[in-house]
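Structure at a glance
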There are 2 protein chains.
Amino acid sequence: MFSIGQLSKRTGVKIPTIRYYEQMGLIDEPGRSEGNQRRYTKDGLSRLSFIRHSRDLGFTIEDIRGLLDLSQHPEEPCNDAHSIAAQHLREVQSKITKLRRLERELKRITKCDAGNMATCAVIETLADHGLCETEH
Amino acid sequence: MFSIGQLSKRTGVKIPTIRYYEQMGLIDEPGRSEGNQRRYTKDGLSRLSFIRHSRDLGFTIEDIRGLLDLSQHPEEPCNDAHSIAAQHLREVQSKITKLRRLERELKRITKCDAGNMATCAVIETLADHGLCETEH
DNA sequence: TATAATTCCTCTAGCTACTAGAGCTTCAAG
DNA sequence: CTTGAAGCTCTAGTAGCTAGAGGAATTATA
């Protein structure tokens, strides 16, 4: 049996976040001590680790809800789990693409070495969209 | 003089967002028609374009507040504008790095072709952090 | 066993940057 | 002068937490 603090230390999930997940229905309401404090089992620990790990990989709460459901049915085919992960991969890739475009643009405008605002490439570019090299 | 709708069309910023920026103090309260509707000048238009463009480049509202302030002082040196942009560039680059790690991990786990949940790499990886290839 | 330090409880509100909707008023065209 | 589009204010909701108030329970030390 773990207290919420111990669970937090073992999983790296902050205490208020654990309570938040409980509220969102991602984890079951655990048992309570006589004094009404939460007491977790190993099952609770592994479920929370699953959630933590999924969040690290950037899955949304709703994705995780689905993945958790799916993981409860070991005999079923795992197409659904795959499509959630594959969809997420596409989102990640599209974010990367966008950020790389931003990076290029920011690199370009921060290269400016004008002395003052009036001729500063940063300010000038922001003021005038026409100076951008790429669409965004 | 533009109505809020015209301003919205010219800048691509949605109407409620324009009002939101006003509330946040990013743009000045514009004049009003006799019937209390907002009326914008060219100055308002260029300020909003500046904001729009900055948001496209991923600057936060607070960053933009700073950049707008700086752009009002054309005679001053532009070191501050640069450091805001350079800092933002670093943040973008760090996001890219993280996302690339995620991408690698997601690619790996979605390659799984197990038939069912019990042996599915997606579920298994999420359940057991030890199976990850990289830290995240 | 008494007390002190720590942890835990619930509840509410705040963060970013918007977006949506209700219910009402004004504007512009015909 | 009517009608439909556009505008007004205000409130609340989005994701995923985080912070703080005010109080109760648990654990460690004396």
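The rules behind these values
Residues numbered from 1 in each chain as written. Chains lettered and ligands numbered in written order. Predicted model: local features only at pLDDT ≥ 70, side-chain atom pairs only at ≥ 80, totals over all residues. Heavy atoms only, no water. Contact = heavy atoms within 4.5 Å. Buried area = accessible area lost by both parts, 1.4 Å probe. Salt bridge = Lys/Arg side-chain N within 4 Å of Asp/Glu carboxyl O. Polar contact = N/O pair within 3.5 Å; in protein donor to acceptor, adjacent residues only side chain to side chain. Helix = DSSP H or I, 4+ residues; strand = E, 2+ residues; numbered from the N terminus. Nonpolar A, V, L, I, M, F, W, Y, C, P; charged D, E, K, R; others polar. Phe/Tyr/Trp six-rings, centres within 6.5 Å; stacked < 30°, edge-to-face > 60°. Buried < 20%, exposed > 50% of the residue type's maximum accessible area, 1.4 Å probe, protein only. pLDDT = per-residue confidence, 0-100. Near = heavy atom within 4 Å. Core = buried A, V, L, I, M, F, W, Y, C linked by side-chain atoms within 4.5 Å. Axes fitted to C-alpha atoms, helices over the stretch in contact; angles between N-to-C directions. Parallel < 35°, antiparallel > 145°, perpendicular 65-115°, else oblique. Left-handed = near helix turned anticlockwise from the far one by under 90°.

**Thoughts on the interface of chain B and chain A**
Counting residues at the interface gives 51 residues for chain B, matched by 51 residues for chain A. Interface of chain B and chain A: buried area, both sides summed, is about 4400 Å²; carbon and sulfur atoms make up 76% of it. Here chain B is connected to chain A by zero salt bridges. There are four residue pairs in polar contact (both at pLDDT 80 or more) connecting chain B and chain A. Every element with two or more residues in the side of chain B that touches chain A is listed here: helix 3 (42-56), helix 4 (61-71), helix 5 (79-110) and helix 6 (121-127) of chain B. Per element, the largest residue contribution to the side of chain B that touches chain A is 19 residues, and it comes from helix 5 of chain B. Within the side of chain B that touches chain A, the residues separate by chemical class into 28 nonpolar, 14 polar and nine charged.

**Looking at the packing of aromatic side chains**
All names here are of chain A. Throughout the structure, instances matching the rule amount to two aromatic pairs over all chains. Seen in terms of ring centroids, Y20 and Y21 are 6.0 Å apart; in terms of plane orientation they differ by 50°. Their pairing is tilted. According to the relative accessible area criterion, Y20 is partly exposed, its value standing at 38%.

**Regarding the confidence of the model for chain A**
Looking at chain A, the pLDDT average stands at 85 and 88% of residues meet or exceed 70. Here helix 6 (residues 121-127) of chain A stands out as the least confident element of chain A, with mean pLDDT 77; strand 2 (residues 38-39) of chain A is the most confident, with 97.

**Considerations on the protein's contact with DNA strand C**
Around DNA strand C lies a shell of 20 residues, among which S3(A), G5(A), R19(A), R38(A) and R55(B) are the nearest. Counting only atoms of DNA strand C within 4 Å of the protein, the fraction found in sugar and phosphate groups is 87%. One of the side-chain nitrogen or oxygen atoms of Y21(B) is found 2.9 Å away from a phosphate oxygen of DNA strand C. For DNA strand C, a phosphate oxygen lies 2.9 Å from a polar atom in the backbone of G35(B). Of all the secondary structure elements, the ones that give two or more residues to the surface near DNA strand C are helix 1 (4-11) and helix 2 (15-23) of chain A together with helix 2 (15-23) of chain B. Element by element, the count of residues in the surface near DNA strand C is highest for helix 2 of chain B, at four residues. Broken down by class, the residue content of the surface near DNA strand C amounts to six nonpolar, nine polar and five charged.

**Some thoughts on the protein's contact with DNA strand D**
In the vicinity of DNA strand D, 21 residues are found, and the nearest of them are Y21(A), R55(A), G5(B), R19(B) and R38(B). Among the atoms of DNA strand D close to the protein, meaning within 4 Å, 87% are from sugar or phosphate groups. For DNA strand D, a phosphate oxygen lies 2.9 Å from a polar atom in the side chain of S33(A). Taken together, the elements giving at least two residues each to the surface near DNA strand D come down to helix 2 of chain A together with helix 1 (4-11) and helix 2 of chain B. Here the surface near DNA strand D gets four residues from one element, more than from any other, and that element is helix 2 of chain A. Partitioning the surface near DNA strand D into residue classes produces six nonpolar, nine polar and six charged.

**What about the side chain of E103(B)?**
Looking at the secondary structure, you find E103(B) in helix 5. Assessed through its relative accessible area of 15%, E103(B) is described here as buried. Polar side-chain contacts of E103(B) include one of 3.0 Å to the side chain of Q93(A). Those residues within four positions of E103(B) in sequence are excluded, and the remaining contacts are L89(A), V92(A), Q93(A) and I96(A).

**Overview of the nonpolar core**
If you look at the biggest cluster of nonpolar residues, it comprises 69 residues, and the most contacted ones within it are F59(B) and L67(B). It is helix 5 of chain B that contributes the most residues to this core, ten residues altogether. Not counting residues within four places of it along the chain, the set of residues in contact with L67(B) comprises V122(A), I123(A), L126(A), F50(B), F59(B), A81(B) and I84(B).

**Section: the pattern of salt bridges**
All names here are of chain A. Going through the model one piece at a time under the given rule, you end up with ten salt bridges over all chains. Of the charged contacts, one joins E105 and R108 as a salt bridge, the two residues approaching to 2.9 Å between their closest N and O atoms. Here E105 pairs with R108, and both are found in helix 5 (residues 79-110), just three residues apart, close to one helical turn.

**What about the packing of helix 3 (residues 42-56) of chain A against helix 4 (residues 61-71) of chain A?**
How two helices sit against one another is set out by the angle between their axes and by the gap between those axes. Residue and element names in this part refer to chain A. Across the interface, helix 3 lies against helix 4 with an axial gap of 10 Å and an inter-helix angle of 135°. Judged by the angle between their axes, helix 3 and helix 4 are oblique. Between helix 3 and helix 4 the crossing geometry is right-handed. Contacts from R47, F50, I51, S54 and R55 of helix 3 reach helix 4 at I61, I64, L67, L68 and S71. Among the residues making up the contact of helix 3 with helix 4, the classes are represented as six nonpolar, two polar and two charged.

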